[in-house]
Amino acid sequence: MHDITMRSSNGGSQGSRNSVSTSASDPREKVKDCCRKLVAFMCTQVGVGGLIVGYAVVGMFGFKYIESARDRPEILRVEQLTNETASLLWDLILVVNVIDRTAWRARANETLVRFQHGIVNASKAGYDGRTDELWSYSAALMFSCSIFTMIGYGNMVPRTAGGKAATVVYAVFGIPLYVLYFRNMGKVLAQTFRWGYTWIYRCSMEDRKAKHDLGAASRVIVPSTACLWVLAAYVAGGTIMFAEWENWSYLDSSYFCVTSLCKIGIGDFVPGASILDARSQTKLVINFVYLLLGMGLIAMCYDLMREDVNVRVRKLKSDIGLCFEDIRLRAVECYQRRNSFDY
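Calculation notes
Residues numbered from 1 in each chain as written. Predicted model: local features only at pLDDT ≥ 70, side-chain atom pairs only at ≥ 80, totals over all residues. Heavy atoms only, no water. Phe/Tyr/Trp six-rings, centres within 6.5 Å; stacked < 30°, edge-to-face > 60°. Helix = DSSP H or I, 4+ residues; strand = E, 2+ residues; numbered from the N terminus. Lys NZ or Arg CZ within 6 Å of the ring centre and 35° of its normal. UniProt positions renumbered as here; feature names shortened; annotations may be inferred. Expected span 1.5 Å × (residues − 1). Contact = heavy atoms within 4.5 Å. Buried < 20%, exposed > 50% of the residue type's maximum accessible area, 1.4 Å probe, protein only. Axes fitted to C-alpha atoms, helices over the stretch in contact; angles between N-to-C directions. Parallel < 35°, antiparallel > 145°, perpendicular 65-115°, else oblique. Nonpolar A, V, L, I, M, F, W, Y, C, P; charged D, E, K, R; others polar. Salt bridge = Lys/Arg side-chain N within 4 Å of Asp/Glu carboxyl O. Disulfide = S-S within 2.5 Å. pLDDT = per-residue confidence, 0-100.

### As for the packing of aromatic side chains
In step 1: What the rule picks out here adds up to 17 aromatic pairs.
In step 2: An angle of 80° between the planes, with centres 5.5 Å apart, marks the rings of Phe63 and Tyr170 as edge-to-face. Of this pair, Phe63 sits in helix H3 (residues 45-68) while Tyr170 sits in helix H7 (residues 161-203), and the two are 107 residues apart along the sequence.
In step 3: In textbook terms, an aromatic cluster arises when at least three aromatic residues are bridged by ring pairs, as seen for Tyr153, Tyr234, Phe242, Trp245, Trp248, Tyr255, Phe256, Phe269 and Tyr290.
In step 4: In this arrangement the basic side chain of Lys64 is found over the ring face of Tyr137, its NZ or CZ atom lying 5.2 Å from the centre.
In step 5: Over the aromatic face of Phe182 sits the side chain of Lys263, whose NZ or CZ is 6.0 Å from the ring centroid.

Shown next as structure tokens:
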């Protein structure tokens with residue numbers, strides 16, 4: 001009986017080893033395990049940050065390829081129309097006597113009206129006055145960022161059917177990813193800022209006994225004013241940077257920073273949109289980094305200010321309760337005094 005039990009136990013252990021070794025050597029199990037680890041990593045703060053940057057890079061290459069492959073015949077039509085109009089006006093001077101101003105103006109107005117109609121038709125076809133290469137890599141990166149951050153500057157729009165369809169798909173998958181980045185980055189920056197503020201607060205305390213009584217268990221609440229100062233400093237840094245780069249006034253530069261970080265995206269001011277050279281492309285990349293970091297700071301301030309507001313609301317609730325309790329006790333005392341005077 002003992003031998004049978006030993007054999008059965010040995011057989012069971014050997015079977016379990018075989019099943020473990022089989023599952024370990026199975027390539028499908030390895031792929032599933034790698035996928036689980038990859039998904040777990042992507043849900044971390046570092047993974048979400050890398051995922052949002054990678055998603056922006058994919059959009060950059062995708063929109064660059066889709067929109068750059070499109071020919072722009074409207075630019076050629078506008079050039080031809082401009083040359084024809086100039087030629088007609090020159091011939092008009094030779095044909096019509098200049099002294100007869102009425103006839104010359106009538107013919108010239110006719111020519112200019114035809115030119116205006118041609119420009120309007122070209123604008124409807126996508127002509128925007130810019131003849132240089134619009135869809136550079138940095139411009140496509142900025143366009144991708146404006147989609148999933150929901151800013152939508154509007155200075156660059158897809159003209160092809162493929163580009164419009166890609167924009168819809170890109171926004172559908174990119175916006176939830178950005179929301180995940182917004183939440184995770186806010187938590188990371190909030191924890192870091194809270195730790196730094198707590199360290200500075202405790203180091204600045206002059207009374208060591210008070211510092212000891214504070215203890216490690218008590219939690220320092222970051223005030224809302226500190227968050228507002230951080231945001232103000234970040235906007236001020238962006239204001240100075242873009243004002244120096246773009247020759248904007250400080251009001252225009254701060255207007256651009258606030259509208260971009262608040263995701264309004266009016267689009268009347270966009271860095272690097274005036275001249276398409278190497279420096280302007282670098283400005284677009286730095287603007288991309290500025291926006292992503294700024295969105296993280298806004299999420300951080302939202303998290304910290306929410307905690308501060310919750311503490312203040314609980315304190316206000318407690319104070320209101322104590323106030324009503326004090327009013328009730330005073331009313332009871334007043335009632336008792338009145339009854340004692342009656343007797």
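### Some points on the UniProt feature "transmembrane region" (unreviewed entry) in the protein chain
In step 1: The UniProt feature table records "transmembrane region" (unreviewed entry) at residues 38-66, 86-104, 134-153, 165-182, 220-243 and 284-305.
In step 2: Secondary structure content for residues 134-153 is 60% helix and 0% strand, and the end C-alpha separation is 15 Å.

### Concerning helix H5 (residues 101-124)
In step 1: The end-to-end C-alpha distance of H5 is 34 Å, a good match for the 34 Å that 24 residues give at a rise of 1.5 Å each.
In step 2: Looking at the buried side of H5, the elements it contacts are helix H4 (73-95).

### Some details on helix H6 (residues 137-148)
In step 1: With 12 residues, H6 extends 17 Å from end C-alpha to end C-alpha; this agrees with the ideal 16 Å at 1.5 Å per step.
In step 2: Where burial is concerned, most of H6 is hidden: 11 out of the 12 residues are buried.
In step 3: Considered for burial, the residues of H6 that qualify are Ser138, Ala139, Ala140, Leu141, Met142, Phe143, Ser144, Cys145, Ser146, Ile147 and Phe148.
In step 4: Just downstream of H6, Met150 is the residue with a positive phi angle, here 65°.

### Some words on the packing of H4 against H5
In step 1: Relative to each other, H4 and H5 sit at 180°, their axes nearing to 10 Å. Taken together, H4 and H5 sit at an angle that is classed as roughly antiparallel. For the pair H4 and H5, contact is made by Glu74, Val78, Leu81, Thr82, Thr85, Leu88, Leu89, Leu92 and Ile93 and by Trp104, Arg107, Ala108, Thr111, Leu112, Arg114, Phe115, Gly118, Ile119 and Ala122, respectively.
In step 2: Of the residues in the contact of H4 with H5, the class split is 12 nonpolar, 4 polar and 3 charged.

### Regarding unusual backbone geometry
In step 1: A positive phi angle is found at Met150, which is not glycine, with a value near 65°.
In step 2: Along the chain, Met150 falls in the loop between H6 and H7.
In step 3: Unlike most non-glycine residues, Lys263 shows phi in positive territory, near 60°.
In step 4: Lys263 sits in the partly exposed class, given a relative accessible area of 30%.

### Comments concerning the pattern of salt bridges
In step 1: Applying the stated rule across the entire model yields 7 salt bridges.
In step 2: Glu110 is the partner of Arg114 in a salt bridge, and the nearest nitrogen-oxygen pair spans 3.9 Å. With Arg114 and Glu110 both in helix H5 and 4 residues apart, the pair spans about one turn of that helix.
In step 3: Between Arg194 and Glu307 there is a salt bridge; the shortest N-O distance is 2.9 Å.

### Some remarks on the state of the cysteines
In step 1: Enumeration over the complete set of coordinates arrives at 0 disulfides.
In step 2: The cysteine Cys227 is free of any disulfide, with Cys301 supplying the nearest cysteine sulfur at 4.6 Å.
In step 3: What makes Cys227 buried here is its relative accessible area of 0%.

### Describing the environment of Ser123
In step 1: Mapping Ser123 onto the fold places it in helix H5.
In step 2: Each C-alpha atom of the pair Ser123 and Val78 lies 9.5 Å from the other, and the pair is 45 residues apart in sequence.

### Structural notes on the confidence of the model for the protein chain
In step 1: The predicted model of the protein chain averages 78 in pLDDT, with 76% of residues at 70 or higher.
In step 2: Mean pLDDT values for the elements of the protein chain range from 48 in helix H1 (residues 2-25) up to 92 in helix H10 (residues 250-261).
In step 3: The low-confidence segment residues 4-9 (pLDDT under 50) makes 0 contacts with residues lying over four places distant or belonging to another chain.
In step 4: Taken together, the stretch residues 15-24 has pLDDT below 50 and engages in 2 contacts with residues farther than four places along the chain or on a different chain.

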